[in-house]
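Listed here are the chains, written in short residue letters.
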Amino acid sequence: MTASGRHVAHYHCVVCSSTIARKTDMISHLKRHINKGETEASYSGSLEMLCDEPGIMGLQWAKHLRNTVKVTISDISEACVKMIRENCRLNHIRVDGASPGSSGPDEPATTDEDATAPITAVEVAKMDANVMMHLRSFDYIHLDPFGTTVNYLDAAFRNVRNLGIVSVTSTDTGSLYSKSPNVTLRHYGCHIVRTEYYKELAARMVVATVARAAARCNKGMEVLLAVALEHFVLVVVRVLRGPSPADESAKRLRQLIHCQWCEERVFLKRGSLVDDNSQLPCNCHGSMPGKTAVELGPLWSGPLFNTGFLRRMLLAAVHHSMEDIQPLVKTLICESECTTLKSFAHGPSALTNQVECGVVIKTLERLEDSSTGEQPGKRKTGEESSSIVKKLKSDASLEHPAFYYSIHRHSIKGLNMPKLNKFLQYLTEAGFRVSRTHFDPTGVRTDATLEQFKAVLTKYSAPSYASSAAANQASLHATETTA
């Protein structure tokens, strides 16, 4: 029920979420819980949901976890707040501040078919998110504004509780994917260019911005999840209070050296020279004239996934019958472990359905009825809290390799490259760690350098029909000339 980390000098009770410094006090605290019969974790924290859409995630949490959590949905738009209240009524969720059978000025009158006892209650507030987060502290904060989230990060990390979770959704793809480099520099303080791994580059840039915001509040963080799907980048981090975790997170921010000729990349080592391009594994800086490499960043150089967190996500998805998200989570688990031992369905199409896991959603444009039945349930409890706090100084060999290579980008002209799954097997047989990635359906995450990657690809690529025919024709013409 308790856990302590090397860099966090405290004990955390998962029953009441209290933080206790001394071990003897923690033992006495646990005995009082046992005497009262309180032996399971109580998820009674508040949740701040800031959605441009009408509170979809907040309704999911409220409907699946019921009264085990207290959900707060906030939006500054009057139209969005009205739509959130309407969605609460459609899902039989009571809005705090209104009686179950009464209708307020913004709510339609209750009909006979809607006269059902509410399954839970949520708080809906028409308030700026920064004001809300400065006034109250939360255990879980989900930020989903229109565009960038950098305007809310300082307020989010100011009052978030220790070991709390901050979830950030960024939809400003123009600045994330280096289409507007001036906006990128202004919002994220990073210099990036368009690369073959631009989606992971965007995810690491957002994580770096979140880490700097947390460090300004003397807080560190552990990245639990970072994905780039369609039109958004989602980053989920766990907050660790104290200057030591903040320092450890700040050390993960590094510059990236990117070769503009072959697109090889490597993180710049701490204390290295500014123009030291010799760290790149490629030979472009010696064989090509002029400057071949560019310095990008600062970016997050640590891992983007927590395997234990992803496995618990998969268990929860199975428990609540969320079949649309399971293929994505399975892909992320293999990516976090950098392995292909499990053949999971691949594809970034999860999280795109309008009907969200049994929750009836009415948007500002249209109303879609839920095609799946209600999935009542409760989050599984009783997990050992030793998995709550992770060591910030983890073994580098256990972390997944940074970035990936596109097999089509580095294919050899005139050769038919092998199938992707076969190529993953060839890389594994060559002694490299390898996995697929959700960032790119043709991408390969591996610890091999680009030169080693191309060598294996060339070895197992067969000549194409056109190149074979051209070679035979040339050989025949040379024979006729000799005769």
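Up top is the structure these notes are about.
Novice: Just to check I follow, could you spell out unusual backbone geometry for this structure?
Specialist: Glycine aside, residues mostly have negative phi angles, and peptide bonds mostly take the trans form. Following Gly297, the chain continues to Pro298 via a peptide bond in cis, the omega torsion being 5°. Mapped onto the secondary structure, Pro298 falls in strand S13 (residues 293-300). In this structure, Ser321 is a non-glycine residue whose phi angle is positive, near 60°. Here Ser321 shows up in the loop between helix H11 (307-319) and helix H12 (326-337). For Ser321, a relative accessible area of 40% puts it in the partly exposed group. Phi angles above zero are rare outside glycine, and Cys338 is one such case at about 50°. With respect to the secondary-structure elements, Cys338 resides in the loop between H12 and strand S14 (361-362).

Novice: In this structure, what is going on with the pattern of salt bridges? I would like to understand it.
Specialist: As a working rule, side chains carrying opposite charge can pair if their charged atoms are close by. Counting across every chain of the model gives 14 salt bridges. The salt bridge involving Arg265 is made with Glu196; its shortest N-O contact spans 2.9 Å. Placement of the pair is Arg265 in strand S12 (residues 265-267) and Glu196 in the loop between helix H7 (181-188) and helix H8 (198-216), with a sequence separation of 69 residues. Each of the two residues, Arg265 as well as Glu196, counts as buried. Three or more residues are tied together by salt bridges with common partners; here these are Glu200, Arg204, Glu335 and Arg445.

Novice: Please clarify how the packing of aromatic side chains should be interpreted in this entry.
Specialist: Each pair of aromatic rings is reported with the distance of its centres and the angle of its planes. Using the criterion set out here, one finds eight aromatic pairs in the structure. Consider the rings of Tyr404 and Phe439, whose centres lie 6.1 Å apart with planes at 5°: the pair is stacked. A residue pair is termed long-range when its members are at least 10 positions apart, and Tyr404 in the loop between strand S15 (367-368) and strand S16 (405-406) and Phe439 in the loop between strand S18 (434-436) and strand S19 (443-446) qualify at 35 residues. The exposure class assigned to Phe439 is buried, which follows from its relative accessible area of 3%. An aromatic cluster is defined as three or more aromatic residues linked by ring pairs; in this entry it consists of Tyr197, Phe267 and Phe403. For the cation-ring pair, Arg194 lies above Tyr198, with the distance from its terminal atom to the ring centre recorded as 3.8 Å. Across from the ring centre of Phe403, 5.2 Å away, lies the NZ or CZ of Arg204, which sits over that ring.

Novice: Would you mind going over the state of the cysteines with me for this structure?
Specialist: Each disulfide consists of a covalent bond between the sulfur atoms of two cysteine residues. Considering all chains together, one arrives at zero disulfides under this definition. For Cys284, which is in no disulfide, the shortest distance to another cysteine sulfur is to Cys262 and amounts to 3.7 Å. Relative accessible area serves as the criterion here: at 11%, Cys284 is assigned to the buried category.

Definitions and limits used
Residues numbered from 1 in each chain as written. Predicted model: local features only at pLDDT ≥ 70, side-chain atom pairs only at ≥ 80, totals over all residues. Heavy atoms only, no water. Helix = DSSP H or I, 4+ residues; strand = E, 2+ residues; numbered from the N terminus. Buried < 20%, exposed > 50% of the residue type's maximum accessible area, 1.4 Å probe, protein only. Salt bridge = Lys/Arg side-chain N within 4 Å of Asp/Glu carboxyl O. Phe/Tyr/Trp six-rings, centres within 6.5 Å; stacked < 30°, edge-to-face > 60°. Lys NZ or Arg CZ within 6 Å of the ring centre and 35° of its normal. Disulfide = S-S within 2.5 Å.

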